[in-house]
Amino acid sequence: MTNSKIVYLWLLILFMANRWQCCYCCWNEERTALLQLKANIKYSTSNDDYLSSWGANETSDCCKWEGIVCSNNTRRVIELSIIAKEEKLSNGTYTGDILRNWLFNASLFVPFKSLKALLLPGHSLAGWVKNEGFEKLRRLRKLEVLNLSRNNFNRSIFESISQLSSLKSLYLAENNIGSGLCDLKYLEELSLSRNKFIGRLPPCLWNLTFLRVIDLTENQFTGNIASSPLSRLLSLEYLLLANNYFEMPISFESFANHSKLKFVTSDNNSVILRTSSSSCNIGGNFPNWLLENNSRLEEVYLIGNAFTGSLQLPLLSYLKALDISNNKIQGQLPPNIESIIPNLLMSTMSNNMIEGLLPSSFGDMKGLECLDLSYNKLTGALSIGLPREGSKLFLLRLSNNMLTGEIFPVSANINNLEYLYLDGNNFSGPIPRKLSTAPLRTLDLSYNKLSGNIPAWLGDISSLTSLALSRNHLTVIFRLIIVGLKDLR
């Protein structure tokens, strides 16, 4: 073998060895594009504090860089995340201040042909380089997720984004959009919260038949939600409408066929009373219809409306959180409430007109952690089964009802109870020693008819930081209590 052949063979071996070292690295053209993108961002004028992992070293694998996700098979970039971090750089400037001068150059993302997710939240972007806007992104035929939340885009953004036919999830929360939307027929998730939308929802929302999640919170939308295009979007699973000026009909009858709906927030809107013409005859009562036809709901928040009538709860096996506080709901709670909502974790029904006995079946809810029925008209004694063995209940608030009898029988299991509010009732008898077994932080027994001495063992509850016993018939023995309650406020 001639010397020239030997030299050639060694060079080939070295070349292959170098290639072998990086056979699982990202594509060179995408690595170059990332470095150009970093230069365009110009986070720092004097150093590389931000995106420091994006190195110019040729052996550096860009698939391992911050915010980059590559395909395991092709090693092409499939997710690009440049999230603004409000932090002080070594030159004394703040990243947020620098990025407010960044003009969006969409052509820099064109080399990422397999890109599925582009996340650019929090950059205060207000525009892009002339002729280098979002229309360039339509070449990214696999782009499914676009997050431009917390920027300064206006409504003109929709004209460009409408060309992204593959888009499924769009996040535009906290911009200055104001109005405009549609044409993204295959969109599945849409976040428009905290923008400056004013007026009614555009009818073209009917086109978004694949939409599963829509977040419209904290805008100034108006109009009757029952006749809005949302009533036709039967694929909806999450409907977030809080803090607008929507008119919310009590019956919610127009959403009766939304069988996939899991989560609804509608608080701080305008509730309108409308008599139902259906056979259910809901009228101005609590919207039991909504729950009956959406049995897979996991969380329901209907706070601060004007709902009246009684609760006629259907079987809600998936429901974990129920907040119907600050309404005008009347009648009694179903005695078998545990079998109706077996997986309930949190329930707030305060500030209503609920009357009757406190159902003992609350004690059978093994997962129940928080129960607030304060400011109602409940009567009778505390159930011997509330809470029971294995209970996770850590907050119980029954303030300002008409409950009577002694506090907690011996059989009650309160080993997890941290916050107990029984003030404003007609409880009588002594303060039960049973309370010493609970890791109480707050104990409010004020405004009752309790009698006897204030027990010395209260001073042994080391976790107790708030104690209220005023307006009872108790005998005060300060020395025995205050010694132990060092952290009491």
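Residues numbered from 1 in each chain as written. Predicted model: local features only at pLDDT ≥ 70, side-chain atom pairs only at ≥ 80, totals over all residues. Heavy atoms only, no water.

Moving on to the pattern of salt bridges. Applying the stated criterion across every chain yields a total of 11 salt bridges. The residue R75 makes a salt bridge to D61 at a minimum N-O spacing of 3.8 Å. With R75 in the loop between β1 (68-70) and β2 (77-81) and D61 in the loop between α2 (28-41) and β1, this pair connects stretches of sequence that are 14 residues apart. Taking the relative accessible area as the measure of exposure, R75 reaches 15% and is therefore buried. For E418, the salt bridge identified is with R441, shortest N-O distance 3.0 Å. Linking E418 in the loop between β21 (402-405) and β22 (419-421) with R441 in the loop between β23 (426-429) and β24 (442-444), this pair joins segments that are 23 residues apart in sequence. The class of R441 is partly exposed, set by a relative accessible area of 39%. Beyond isolated ion pairs, a larger network of salt bridges with shared partners links E188, E189, R212, E237 and K262. (Salt bridge = Lys/Arg side-chain N within 4 Å of Asp/Glu carboxyl O. Helix = DSSP H or I, 4+ residues; strand = E, 2+ residues; numbered from the N terminus. Buried < 20%, exposed > 50% of the residue type's maximum accessible area, 1.4 Å probe, protein only.)

Attention now goes to the state of the cysteines. Such a bond, covalent and formed between the sulfur atoms of two cysteines, is termed a disulfide. Following the criterion strictly, the structure yields two disulfides and no others. Here C26 pairs with C62 through a disulfide, and the sulfurs are 1.8 Å apart. With C26 in the loop between α1 (3-21) and α2 and C62 in the loop between α2 and β1, this residue pair connects regions lying 36 residues apart in the sequence. Each member of the pair C26 and C62 is classed as buried. Through a disulfide, C63 is tied to C70; the S-S separation comes to 2.2 Å. Across the S-S bond linking C63 and C70, the dihedral sits near -95 degrees, which makes this disulfide left-handed. Look at C63 and you get buried, because its relative accessible area is 11%. Note on C70: relative accessible area 9%, which makes it buried. (Disulfide = S-S within 2.5 Å.)

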